[in-house]
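Below, each chain spelled out in residue letters.
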Amino acid sequence: MSEVEVKKTQESLQDRLAQVVELLQRQKVVEDLTHRQEGAHHDRVENLVHRQNLVELQRKLDDLHSADVAYILEALPLDDRLTLWQLVKADRDGDILLEVSDSVRESLIADMDDHELLAAAKELDADELADLASELPRDVVHELMESLDNQQRERVRSALSYDEEQVGALMDFEMVTIREDVSLEVVLRYLRRLKELPGHTDKLFVVDYDGVLKGVLPIKRLLVNDPEKQVAEVMASDPVSFHPDEDAYDAAQAFERYDLVSAPVVDKNDKLIGRLTIDEMVDLIREESESEVLNMAGLREEEDIFASVWKSLRNRWAWLAINLITAFVASRVIGLFEGSIEKLVALAALMPIVAGIGGNSGNQTITMIVRAMALDQVSTGNTSRLMRKELAVALINGLIWGGVIGVVAYLLYHSWSLGVVMTAAMTLNLLLAALMGVLIPMTLAKMGRDPAMGSSVMITAMTDSGGFFIFLGLATIFLL
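Residues numbered from 1 in each chain as written. Predicted model: local features only at pLDDT ≥ 70, side-chain atom pairs only at ≥ 80, totals over all residues. Heavy atoms only, no water.

S.K.: Could you clarify how one ought to interpret the overall build of the protein chain in this entry?
M.R.: In terms of helices and strands, the protein chain carries 22 helices and 5 strands. The C-alpha radius of gyration of the protein chain comes to 30 Å, more than 25% above the 23 Å expected for a compact globule of 480 residues. Expressed as lengths along the three principal axes of its C-alpha atoms, the size of the protein chain is roughly 90 × 80 × 45 Å. A total of 480 residues make up the protein chain; the buried ones form 41% of that total. Restricting to contacts in the protein chain with at least 6 residues of sequence separation, those with at least 24 account for 67%. Of the roughly 26800 Å² that the protein chain leaves accessible, carbon and sulfur atoms contribute 55%. Between the averaged position of the 46 positive side-chain charges in the protein chain and that of its 79 negative side-chain charges there is a distance of 3 Å. (Helix = DSSP H or I, 4+ residues; strand = E, 2+ residues; numbered from the N terminus. Rg over C-alpha atoms; globule rule 2.2 N^0.38 Å. Buried < 20%, exposed > 50% of the residue type's maximum accessible area, 1.4 Å probe, protein only. Contact = heavy atoms within 4.5 Å. Areas by Shrake-Rupley, 256 points an atom, 1.4 Å probe, with all protein chains shown as cover. Lys, Arg positive; Asp, Glu negative; His and termini not counted. Charge placed at Lys NZ, Arg CZ, Asp CG, Glu CD.)

S.K.: For this particular structure, what's the right way to read the confidence of the model for the protein chain?
M.R.: It should be kept in mind that the predicted coordinates are not to be read in detail where pLDDT is low. Here the protein chain averages 85 in pLDDT, while 91% of its residues score no lower than 70. Note that pLDDT drops below 50 for residues 1-9; the model gives that stretch 2 contacts with residues more than four away or on any other chain. (pLDDT = per-residue confidence, 0-100.)

S.K.: In this structure, what is going on with the UniProt feature "domain: CBS" (unreviewed entry) in the protein chain? I would like to understand it.
M.R.: In this numbering, the UniProt entry assigns the feature "domain: CBS" (unreviewed entry) to residues 171-233 and 235-291. Across residues 171-233, the secondary structure splits into 32% helix and 21% strand, with the terminal C-alpha atoms separated by 28 Å. The distance separating the terminal C-alpha atoms of residues 235-291 is 39 Å; by composition the span is 44% helix and 19% strand. (UniProt positions renumbered as here; feature names shortened; annotations may be inferred.)

S.K.: Sorry, what's going on with unusual backbone geometry here?
M.R.: Peptide bonds are trans in most cases, and residues, glycine excluded, mostly fall at negative phi. Phi is positive for Asp259, close to 55°, though the residue is something other than glycine. Inspection of the secondary structure puts Asp259 in the loop between α15 (248-258) and β4 (262-266). The backbone phi angle of Asp270 is positive, close to 65°, even though this residue is not glycine. With respect to the secondary-structure elements, Asp270 resides in the loop between β4 and β5 (272-277).

S.K.: Just checking my understanding: could you explain the pairing of β4 for this structure?
M.R.: As a general feature of sheets, a regular strand has side chains that alternate between the two faces. Burial analysis of β4 places 5 of its 5 residues in the buried class, the great majority of the element. On β4, burial covers both faces: Ser262, Pro264 and Val266 on one face and Ala263 and Val265 on the other are all buried. Relative to β5, β4 runs antiparallel, the two being bridged by 5 bridges. Directly across from Ala263, in β5, lies its bridge partner Leu276. The hairpin formed by β4 and β5 contains 5 residues between the paired strands, and Asp270 there has a positive phi angle of roughly 65°. (Pairing = 2+ DSSP bridges.)

S.K.: Explain the packing of aromatic side chains here, please?
M.R.: Given two aromatic rings, their pairing is described by the distance between the two centres and the angle made by the two planes. Counted under the stated rule, the structure contains 3 aromatic pairs. Their ring planes at 70° and their centres at 6.0 Å tell us that Phe337 and Phe469 sit as a pair that is edge-to-face. Remark: Phe469 occurs in helix α22 (residues 455-478) and Phe337 occurs in the loop between α17 (309-335) and α18 (338-343); sequence separation between them is 132 residues. Given the relative accessible area of 47%, Phe469 is considered partly exposed. Note on Tyr410 and Trp416: the rings are 4.1 Å apart at their centroids and 20° apart in plane angle, and the pair reads as stacked. Taking relative accessible area as the criterion, Tyr410 reaches 26% and is therefore assigned partly exposed. One residue, Arg179, lies across the ring of Tyr209, its end atom 4.6 Å from the ring centre. (Phe/Tyr/Trp six-rings, centres within 6.5 Å; stacked < 30°, edge-to-face > 60°. Lys NZ or Arg CZ within 6 Å of the ring centre and 35° of its normal.)

S.K.: Whenever I open this one, the packing of helix α19 (residues 346-374) against α22 confuses me. Can you help?
M.R.: Each pair of packed helices gets described by two things: the angle between the helix axes and the distance between those axes. Where α19 meets α22, the closest approach of the two axes is 8 Å, and the angle between their N-to-C directions is 145°. Considering how the two elements wind past one another, α19 and α22 form a crossing that is right-handed. Of the residues in α22, those in contact with Leu347, Leu350, Met351, Pro352, Val354, Ala355, Gly358, Gly359, Gly362, Asn363 and Ile366 of α19 are Ser455, Ser456, Ile459, Thr460, Thr463, Asp464, Gly467, Phe468, Phe471, Leu472 and Ala475. When grouped by side-chain class, the residues that make up the contact of α19 with α22 number 12 nonpolar, 9 polar and 1 charged. (Axes fitted to C-alpha atoms, helices over the stretch in contact; angles between N-to-C directions. Left-handed = near helix turned anticlockwise from the far one by under 90°. Nonpolar A, V, L, I, M, F, W, Y, C, P; charged D, E, K, R; others polar.)

S.K.: Would you explain helix α21 (residues 416-446) in this entry?
M.R.: Here α21 spans 45 Å end to end across 31 residues, near enough to the 45 Å set by a 1.5 Å rise per residue. Where α21 terminates, the next one or two residues include Gly448, which has phi positive at roughly 80°. (Expected span 1.5 Å × (residues − 1).)

S.K.: Got a minute to help me understand the sheet that holds strand β2 (residues 203-207) in this structure?
M.R.: The strands that make up a sheet are held in pairs by hydrogen bonds between backbone atoms, and each pair lies either parallel or antiparallel. A sheet is described by the order of its strands in space; here 3 strands give the open sequence β1-β2-β3, paired in mixed fashion. The open sheet is flanked by β1 (177-178) and β3 (213-218), the only strands paired with a single partner. Looking at chain direction, β2 and β3 are connected through 5 bridges and run antiparallel. Each residue of the ladder has a partner; that of Phe205, found in β3, is Val216.

S.K.: Explanation requested: the side chain of Ser361 in the structure shown.
M.R.: Within the secondary structure layout, Ser361 lies in helix α19. Not counting residues within four places of it along the chain, the set of residues in contact with Ser361 comprises Leu430 and Ala433.

S.K.: What's the story with the environment of Lys389 in this structure? I'm lost.
M.R.: Tracing the chain through its elements places Lys389 in helix α20 (residues 383-413). Residue class for Lys389 comes out partly exposed when judged on its relative accessible area of 45%. In the structure, Lys389 is positioned 45 residues away from Ala434 in sequence and 9.5 Å away in space, judged by C-alpha atoms.

S.K.: Just checking my understanding: could you explain the side chain of Thr277 for this structure?
M.R.: Mapped onto the fold, Thr277 is located in strand β5. Here Thr277 falls in the buried class, since its relative accessible area comes to 4%.

S.K.: Got a minute to help me understand the nonpolar core in this structure?
M.R.: Taken as a class, soluble globular proteins show a tendency for nonpolar side chains to be buried jointly. Counting residues in hydrophobic clusters, the biggest one holds 56 residues, and the most contacted among them are Leu84, Trp85, Ile96, Phe242 and Leu276. The greatest single-element share of this core, amounting to 5 residues, is contributed by α15. Apart from the residues lying within four places of it in its own chain, the contact partners of Leu276 are Val167, Leu170, Met171, Phe242, Ala251, Phe255, Val261, Ser262, Ala263, Val265 and Met281. Core analysis: the next-biggest nonpolar cluster, separate from the first, contains 26 residues, Leu350, Ala355, Ile405 and Ala434 among them. (Core = buried A, V, L, I, M, F, W, Y, C linked by side-chain atoms within 4.5 Å.)

This is the structure we're talking about:
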């Protein structure tokens, strides 16, 4: 899809969101007016207008893709969201629940009774059921499992047996398998009888009679080769494959690296048990990216933008408390040099510059390191070299921009010594920021924590306290 087409689609979605919001507001206004009216026809008028608005809203929803409905639900306050959710057709509930964010899904599931949840879940495939099962009430999951046939039940149990960050939790069971000792003509006839292929089918999986993977037959090879040829002559015998206990994010990187659309998942005996598809990998990468951004800001989990005050408070308080402590430490560092600041008021005006630039530089470094660690580009063999490189960048930046601000300090306060102190403090604080920018995520990783967890908060605390101490300490020694 071109950039123009993407923009048109986005604009169309925004327009439809605006239309839905307008209809909801119109319904509230009309209901409010009819409640104020008196007369024999009051109830009839109210009921008629109410129905007309609901029919129009439902027609809007029916025209939208499930992902677009999910987008609109996430963009609405809770009351409007639940009003709209009641208008969604029952056979679409499951697909939409899979599309919405975890926090919004929680509010939608809480509004559904057990019967509705069972009806929604029965429309889903085994891998999709596994995604949803952890958030459903236990009795609903039990009843749902009882209603599945043996094959579906085993598939759901298989997917649930793996951690959510493993390949096995994301694999799809819908795939087309063929034998290697048949002709391409036979394969084509077989596909025509199927009438429909599973989504994202760019290749067929070649297995023997025991289900062991022998290779893959890309659809493009099937179409351009002589129909009389055997599958064994045309297939790729060394496809990229994954094991169910592998890390899902590593698989996502492989999909990006090799431009994969689908890939087989095999057990330790090379028996084909499922496949990975590009849609799951894109969702995983997006979720990982969002999680990383939230973690760097000190947020523990994804937050519904319209969540209650109490839920938002629980999500945000921990790192705010830590930030308060570090801010207090920074204030005490300043308190140590109250006498110096009283004697040279210019220090109070200049010290936020040193701390602010240090925090900015530290965040740049920590972002690069966290990204490199996510891509497995950082190892014990290159850590020291990476550290030297970041310190060199910080040193050069410190000398250049510290020199600039030193000249500015001289022009403002007519003191060369103050300018030199400013340059030295800037350089030292940037070196501290680079050092902490490398050490903080690596230390978190060694402790088994997410390297991005609260890193932005910690680096800012370090550079603020360190910047104040370095600048005020140098000023006290050399100026006073």
